[in-house]
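Letter by letter, the chains look like this.
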Amino acid sequence: MVHKIFPQLTILLFVIFCLVPLACYCQLDNNDLQEEFYDKSCPMLYDIIEWYIDAASKNDSRMAASLLRLHFHDCFVNGCEASVLLDETEDFKGEKNSLGNHNSLRGFELIDAIKEEVESYCPSTVSCADILALAAREAVLQSGGPYYPVAVGRRDGLTASEEDANAHLPSFFEPLDDITAKFTVHGLDLKDMVVLSGAHTIGFAQCDKVKGRLFSFKDSGKPDPDIDSSLRSRLLRTCPDVETSDSNVVALDYKTTYAFDNAYYHNLINKAGLLQSDQALIGNPDTAKLVNDYSNDPGLYESEFAASMVKMGNIGVLTGEAGQIRKKCNLVNY
Ligand code: HEM
Ligand SMILES: *[C@@H]1O[C@H](CO)[C@@H](O)[C@H](O)[C@H]1NC(C)=O
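Quantities reported herein were computed from a predicted structural model and do not represent experimental measurements.

### Notes on the state of the cysteines
Link 1 in the chain: Following the criterion strictly, the structure yields 4 disulfides and no others.
Link 2 in the chain: The disulfide partner of Cys75 is Cys80, and the S-S distance across this bridge is 2.1 Å. For the disulfide bridge between Cys75 and Cys80, the dihedral angle about the S-S bond is near 115°, and by the sign convention the bridge is right-handed.
Link 3 in the chain: With its sulfur 2.1 Å from that of its partner, Cys207 forms a disulfide with Cys239. Given an S-S torsion of about -70°, the disulfide between Cys207 and Cys239 has left-handed geometry. In this pair, Cys207 is assigned in the loop between strand S1 (204-206) and helix H9 (211-214) and Cys239 in the loop between helix H10 (229-238) and strand S2 (249-251), connecting sequence segments 32 residues apart. Here the two residues Cys207 and Cys239 agree in accessibility, since each one is buried.
Link 4 in the chain: Counting only the cysteines that form disulfides, in the order they appear in the protein, gives the pairing 1-4, 2-3, 5-8, 6-7.

Laid out in structure tokens, this is it:
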């Protein structure tokens, strides 16, 4: 009897003395970020962000999508520390020039302009990483998506890495398992991946990301069998089989291009996902089930997207004395 209970007791004690404090410690770690962090030090912050994004979107209706993607590409490369915003210097190669980002990421000028305005009200107080996280939330909200809490107090990184950007950002031509792995390294699971991919309910992609599906998919001489033929015909108008169409853009969600809704998942079910990596979510039973769930229940999609954005926004944040508060988002202070 004793030798049967003893291992269980050991496990129990292990849990109480080792795992519980560990869990509390992790919790504490996350609590370094607080929603109220700038309430006293920079109360104007939220109005400035809202106003600038609203104005920018009136001129460029794609801006919300670009801001959301910018935050994602920041967080996936050495954490949400605004490394993506840094210009290249003699000391490091910038992430702006990495494979997935070059001639593709947008919104830098807007973030720099927001930062300049914020500096004029509260100098050296608000990090660029926080501005990016708050801008992404505002972009989702202004597109009709869910509100989610953004705890702030992130600090800005001191360097950027083109190599790390090349290694960590998922690409549209990668197999689903490889893409999944790029989420799980950050503690994001399969569900987070499927729900965050729903961000492709807004924004655009360039034809060079799509043409591989339209003419000779994987050198078959035929289009991708998983693309709806009427969507294909529509895409051919913007993305004809000539090199000069490479940088033309097509909507990621052809149905409700500017609305943050769950149409992305309906599209996938109808073989009308734009990118090969989008459509691949149907090709695996676990991800296909989630796609079905989100297409059937917009409320579920909204609440899970909100929860996954909170998780993403906490990846590798710098707090306390780490890093710095940049004066300009494209440059490290010296
Ligand atoms: C799952 C893996 C993902 C892949 C392979 C992927 C790939 C891409 C590609 C290739 C583009 C078009 C870029 C261009 O043509 O210039 C794009 C655009 C976009 N992506 Fe993703 N993405 C992924 C996940 C995400 C996530 C997690 C988010 C945000 C939470 C996101 C948000 C966006 C947005 C909003 C756009 C449109 C940007 C604009 O119009 O400026 N993507 N993505
Ligand atoms: C308006 O948007 C275009 C891109 O669509 C951009 O080139 C231009 O700088 C923007 N103008 C202002 C005032 O933001």
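### Concerning the domain arrangement of the protein
Link 1 in the chain: When its domains are assigned, the protein resolves into domain 1 (28-167) and domain 2 (171-313).
Link 2 in the chain: Taken together, the contact pairs 22 residues of domain 1 with 20 residues of domain 2.
Link 3 in the chain: Broken down residue by residue, the surface that domain 1 buries against domain 2 is led by Arg62, Phe76 and Pro146, which jointly contribute 32%.
Link 4 in the chain: Counting every contact that joins domain 1 to domain 2 gives 0 salt bridges.
Link 5 in the chain: Our count for the contact surface shared by domain 1 and domain 2 stands at 4 residue pairs in polar contact (both at pLDDT 80 or more).
Link 6 in the chain: No other element matches the 6 residues that helix H3 (residues 63-75) contributes to the side of domain 1 that touches domain 2.
Link 7 in the chain: Of the residues that constitute the side of domain 1 that touches domain 2, the class distribution is 13 nonpolar, 7 polar and 2 charged.

### Some words on the coordination of the iron atom of ligand 1
Link 1 in the chain: Here the protein supplies the iron atom of ligand 1 with just one donor, His200 (NE2), and that contact is 2.0 Å long.
Link 2 in the chain: Looking at where His200 falls in the secondary structure, it is placed in the loop between helix H8 (190-197) and S1.

### A look at the packing of H3 against helix H4 (residues 108-121)
Link 1 in the chain: Viewed as axis vectors pointing N to C, H3 and H4 meet at an angle of 80°, and their least axial separation amounts to 10 Å. Here H4 runs roughly perpendicular to H3, going by the angle between their axes. From H3, Met63, Leu67 and Leu70 reach across to H4, where they touch Phe108, Leu110 and Ile111.
Link 2 in the chain: Tallied by class, the residues present in the contact of H3 with H4 amount to 6 nonpolar, no polar and no charged.

### Quick notes on the UniProt feature "binding site: Ca(2+) 1" (unreviewed entry) in the protein
Link 1 in the chain: Taking the numbering used here, the UniProt-annotated feature "binding site: Ca(2+) 1" (unreviewed entry) corresponds to Asp74, Val77, Gly79, Ser83 and Glu95. The named residues occupy 22 residues along the chain; their greatest pairwise C-alpha distance, 12.8 Å, places them in one compact cluster.
Link 2 in the chain: On the secondary structure map, Asp74 appears in helix H3.
Link 3 in the chain: Once residues lying within four places of it in the same chain are set aside, the contact partners of Asp74 are Gly79, Cys80, Glu81, Ala82, Ser83, Val84 and Leu132.
Link 4 in the chain: With respect to the helices, strands and loops of the structure, Val77 is situated in the loop between H3 and H4.
Link 5 in the chain: Excluding residues that lie within four positions of it along the chain, Val77 makes contacts with Ser83, Glu95, Ser161, Asp164, Ala165 and Leu169.

### Structural notes on the site of ligand 1
Link 1 in the chain: Near ligand 1 there are 25 residues, and of these Arg62, Ser66, Ser104, His200 and Gln206 occur at the shortest range.
Link 2 in the chain: Arg62 places a side-chain nitrogen or oxygen 2.7 Å from an oxygen atom of ligand 1.
Link 3 in the chain: Contacts to ligand 1 include Gln206, whose backbone N or O atom sits 2.7 Å from an oxygen atom.
Link 4 in the chain: Among the secondary structure elements, those contributing two or more residues to the shell around ligand 1 are H3, helix H7 (176-184), H8 and S1.
Link 5 in the chain: When residues in the shell around ligand 1 are grouped by element, the largest group, 4 residues, is from H3.
Link 6 in the chain: In terms of residue class, the shell around ligand 1 is made up of 13 nonpolar, 8 polar and 4 charged.
Link 7 in the chain: In terms of domain composition, the shell around ligand 1 takes at least three residues from each of domain 1 (28-167) and domain 2 (171-313).

### Some thoughts on the UniProt feature "binding site: heme b" (unreviewed entry) in the protein
Link 1 in the chain: In the numbering adopted here, UniProt assigns the feature "binding site: heme b" (unreviewed entry) to His200.
Link 2 in the chain: For His200, the contacting residues outside a window of four places in its chain are Leu252, Asp253, Tyr264, Leu275 and Asp278.

### A word on H3
Link 1 in the chain: End to end, H3 covers 19 Å across 13 residues, agreeing with the expected 18 Å (1.5 Å per residue, within 8%).
Link 2 in the chain: Burial in H3 covers these residues: Met63, Ala64, Ala65, Ser66, Leu67, Leu68, Leu70, His71, His73, Asp74 and Cys75.
Link 3 in the chain: Those residues of H3 that are buried are in contact with helix H2 (45-59), H4, helix H5 (128-142) and helix H14 (298-313).

Thresholds applied
- Residues numbered from 1 in each chain as written.
- Chains lettered and ligands numbered in written order.
- Predicted model: local features only at pLDDT ≥ 70, side-chain atom pairs only at ≥ 80, totals over all residues.
- Heavy atoms only, no water.
- Disulfide = S-S within 2.5 Å.
- Helix = DSSP H or I, 4+ residues; strand = E, 2+ residues; numbered from the N terminus.
- Buried < 20%, exposed > 50% of the residue type's maximum accessible area, 1.4 Å probe, protein only.
- Domains from an automatic or database assignment.
- Contact = heavy atoms within 4.5 Å.
- Buried area = accessible area lost by both parts, 1.4 Å probe.
- Salt bridge = Lys/Arg side-chain N within 4 Å of Asp/Glu carboxyl O.
- Polar contact = N/O pair within 3.5 Å; in protein donor to acceptor, adjacent residues only side chain to side chain.
- Nonpolar A, V, L, I, M, F, W, Y, C, P; charged D, E, K, R; others polar.
- Donors = N, O, S within 2.8 Å, 3.2 Å for Na, K, Ca; no water.
- Axes fitted to C-alpha atoms, helices over the stretch in contact; angles between N-to-C directions.
- Parallel < 35°, antiparallel > 145°, perpendicular 65-115°, else oblique.
- UniProt positions renumbered as here; feature names shortened; annotations may be inferred.
- Near = heavy atom within 4 Å.
- Expected span 1.5 Å × (residues − 1).

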